[in-house]
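Given next are the chains, with one letter for each unit.
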Amino acid sequence: MKRIIMGTIFIIAGVAHFLKPEKFANITPRFLPFRTFIAYFTGVVELLFGMLLLTRKVTNWQLGAMQKFLWAVFPANIYMYTHQDKLGISHLPDWALLGRLPLQKVMSDTLEDMKR
């Protein structure tokens, strides 16, 4: 069941990158170049992770790669919270933006639990 839930989350997130790439490019820290490319690339990665989780038994190294990915994109969530005005999302409640931060840990821990 964890595999299906995590796979679905990754696929939904991946699709969102293609539906609103400018939003994901905007939450990529400004010091990084090629932010639109990064938005699409991370969307592809999330789609691949989701498909792996939904279609086959995943190996420990793949689960580890998913965990590393979650921590690699973690700064974007911090950036969203700390730059709400600049991103035009100051209308969102703080709890919604802060809630994304521990979600990364929960997802990483869930992937850890799936390792054999």
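Residues numbered from 1 in each chain as written. Predicted model: local features only at pLDDT ≥ 70, side-chain atom pairs only at ≥ 80, totals over all residues. Heavy atoms only, no water.

(A) Local environment of the pattern of salt bridges. Within this structure, the stated rule accounts for 3 salt bridges. Across the salt bridge formed by Lys2 and Asp113, the nearest N and O atoms sit 3.5 Å from each other. Placement of the pair is Lys2 in helix H1 (residues 2-19) and Asp113 in helix H6 (residues 94-114), with a sequence separation of 111 residues. Overall, the relative accessible area of 42% leaves Lys2 in the partly exposed class. Salt-bridge contacts for Asp109 lead to Lys105; the nearest nitrogen and oxygen are separated by 2.9 Å. (Salt bridge = Lys/Arg side-chain N within 4 Å of Asp/Glu carboxyl O. Helix = DSSP H or I, 4+ residues; strand = E, 2+ residues; numbered from the N terminus. Buried < 20%, exposed > 50% of the residue type's maximum accessible area, 1.4 Å probe, protein only.)

(B) Up close: helix H4 (residues 60-82). Taking 1.5 Å of rise per residue, the 23 residues of H4 would be expected to cover 33 Å, and the 34 Å separating its terminal C-alpha atoms lies within 8% of that figure. Its axis deflected by about 30° at Val73, H4 carries its strongest bend there, up to four residues before the proline Pro75. Close packing links the buried residues of H4 with H1, helix H2 (21-26), helix H3 (35-55), helix H5 (84-87) and H6. (Expected span 1.5 Å × (residues − 1). Bend = angle between axes of the 7 residues up to and from the residue. Contact = heavy atoms within 4.5 Å.)

(C) Layout of the side chain of Gln62. One can find Gln62 in helix H4. Classification of Gln62 by relative accessible area gives buried; the value is 8%. Here Arg56 takes part through its side chain, which lies 3.4 Å from a polar atom of the side chain of Gln62. Those residues within four positions of Gln62 in sequence are excluded, and the remaining contacts are Leu52, Arg56 and Lys57. (Polar contact = N/O pair within 3.5 Å; in protein donor to acceptor, adjacent residues only side chain to side chain.)

(D) Structural context of the packing of H1 against H3. Here H1 crosses H3 at 155°, and the two axes come no closer than 7 Å. Here H1 lies roughly antiparallel to H3, going by the angle between them. Crossing handedness for the pair H1 and H3: left-handed. Residue composition of the contact of H1 with H3, by class: 15 nonpolar, 8 polar and 2 charged. (Axes fitted to C-alpha atoms, helices over the stretch in contact; angles between N-to-C directions. Parallel < 35°, antiparallel > 145°, perpendicular 65-115°, else oblique. Left-handed = near helix turned anticlockwise from the far one by under 90°. Nonpolar A, V, L, I, M, F, W, Y, C, P; charged D, E, K, R; others polar.)

Honestly, that's just the spatial picture; any functional story needs more than this.
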